[in-house]
Amino acid sequence: MICLLLPILKRSSDMTKSPMTKSEQLLRIDDHDFTMRPAFGGPPIPVGVDVQVESLDTISEVDMDFTMTLYLRHYWKDERLSFPSTNNQSMTFDSRLAKKIWVPDMFFVHSKRSFIHDTTTDNVMLRVHPDGNVLYSLRITVTAMCNMDLSRFPLDTQTCSLEIESYAYTDDDLMLYWKKGNESLNTDERISLSQFLIQKFHTTTKLAFYSSTGWYNRLYIHFTLRRHVFFFLLQTYFPATLMVMLSWVSFWIDRRAVPARVPLGITTVLTMSTIITGVNASMPRVSYIKAVDIYLWVSFVFVFLSVIEYAAVNYLSTVQERKERKLRERLPCTCGIGNPDDMTCDPQISGYTTMDVNRTANYGTAGNYGMPENGGRQERMLAQVVLGDPQLTGQVKRPGYVNIWIDTHAIDKYSRVLFPGSYALFNIIYWSIYS
């Protein structure tokens, strides 16, 4: 009875185990412990890596990261997987066998999110050669950190890196290397970004040290990106420049036209504030000054100074008019009024003659004190004072003329040249530094 039951019990115990496929039987999966690395106890196992970059999806300045989709391939030799073959053909498997054997435990340093694509099945490929050489390939999308220097934004060039490293095995157990050097990195020719021009990809290898675990081989994928500046020229630089030029229009508007000059200055100031706010809303809150900040804030200062310029002109004009009013009150007679027939100056009292009255009256019209007929910008107040009057001068002298010239348009006149010239000089210096 015991002899008869033993085969039955053996068959029932075997039924609890999953049946092995012919390929697993050929690879002798159950004969080895694949939780240990190949050649355990011996020299480190070399694992070659190459990468095919499929796409570079997004570059985010706000989050300081990038997203990349790539094919990550590993090459190593595991003699435990060698099998006899008459035609020396390799066998290809999917992720189901990859879970039963030893594979390198790679991870992406400084990654935020990553996943292996699983549509329609897991995008994992395992290829085993008769001599035990293994190719292990995965299709991965990873979002990794990129420390960007935005001090030259938007005229900047950024270099980001994707770092690959073994998580558990130090350089005593596993030696990572690029299989074909810099040629191990291949990119799709159709890769393009809306804001950046991809200048170059290159690879490097370094050792990383952790105080608790030791030294690890680390592989780097570096790529350099240069930002397209034309978008920012249209959206930021040109509008800011036009607002500055628009603020200069007030220098050609009459100083008495307060309703025209004041709203123009306020409008340009508010528009510049809106442009600055819009640019900073899409940028990270960095603690240093960016190149675009310098341009926008200098433009804002020019617009603000144009408003201050009119305030100065209006204030000085008011002071001038007060002085003129006080001077007219002190004089016995003021000539230069537009209609000489209205003059009632006594030559014996004021020292004027009819010829002097007519001569001075022809310089202007009523309400414009001595404004020349040729449309000059200087306002002239021509006053004839009886210098022989002891009450005015304290000395007895013959009558004469005192000419008082007051140029209230000098600030506007100089601003028409000073403001555009200074802004043009700033642009020459700015673009020579950052371009």
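This is a predicted model, so every value here is computed, not measured.

Caption draft 1: Looking closely at a nonpolar patch on the surface. Together, Val 258, Val 262, Ile 266 and Leu 270 make up an exposed nonpolar region whose accessible area comes to about 310 Å². The topology assignment puts Ile 266 in helix α5 (residues 258-281).

Caption draft 2: Representation of the state of the cysteines within the structure. Taken as a whole and judged by the stated rule, the model has one disulfide. A sulfur-sulfur separation of 1.9 Å characterises the disulfide bridge that pairs Cys 146 with Cys 160. On the sign convention where negative is left-handed, the bridge of Cys 146 and Cys 160, at about -75 degrees about the S-S bond, is left-handed. One end of the pair, Cys 146, is in the loop between β7 (133-145) and β8 (157-166); the other, Cys 160, is in strand β8, with 14 residues separating them in the sequence.

Caption draft 3: View of the UniProt feature "transmembrane region" (unreviewed entry) in the protein. UniProt marks residues 229-252, 264-282, 294-316 and 417-434 with the feature "transmembrane region" (unreviewed entry), using the numbering shown here. Taken end to end, residues 229-252 is 75% helix and 0% strand, and its two terminal C-alpha atoms sit 34 Å from one another.

Caption draft 4: Representation of the environment of Ile 275 within the structure. With respect to the helices, strands and loops of the structure, Ile 275 is situated in helix α5. When its relative accessible area of 14% is taken as the criterion, Ile 275 is described as buried. The contacts of Ile 275, once residues within four sequence positions are left out, are Thr 236, Pro 239, Ala 240, Met 243 and Leu 296.

Caption draft 5: A look at the pairing of β7. Of all the 13 residues making up β7, 10 are buried; the element is thus mostly covered by neighbouring parts of the structure. Relative to β7, strand β2 (residues 65-77) runs antiparallel, the two being bridged by 13 bridges. Pairing of Leu 72 across the sheet is with Leu 138, part of β7. Bridge analysis of strand β5 (residues 111-116) against β7 gives five bridges, and the strand direction is antiparallel. Residue pairing for β7: Ser 111 is matched across the bridge by Ala 144. Judged from the five bridges that link them, strand β6 (residues 124-128) and β7 form a sheet pairing that is antiparallel. Bridge pairing in β7 links Met 125 to Ser 137. Taken together, β6 and the strand that follows it, β7, pair antiparallel across an intervening segment of four residues, in which Gly 132 is found at a positive phi of about 100 degrees.

Rules and cut-offs
- Residues numbered from 1 in each chain as written.
- Predicted model: local features only at pLDDT ≥ 70, side-chain atom pairs only at ≥ 80, totals over all residues.
- Heavy atoms only, no water.
- Patch = residues over 30% accessible without salt bridge, like charges linked within 9 Å, V, L, I, M, F, W, Y side chains within 5 Å.
- Areas by Shrake-Rupley, 256 points an atom, 1.4 Å probe, with all protein chains shown as cover.
- Salt bridge = Lys/Arg side-chain N within 4 Å of Asp/Glu carboxyl O.
- Helix = DSSP H or I, 4+ residues; strand = E, 2+ residues; numbered from the N terminus.
- Disulfide = S-S within 2.5 Å.
- UniProt positions renumbered as here; feature names shortened; annotations may be inferred.
- Buried < 20%, exposed > 50% of the residue type's maximum accessible area, 1.4 Å probe, protein only.
- Contact = heavy atoms within 4.5 Å.
- Pairing = 2+ DSSP bridges.

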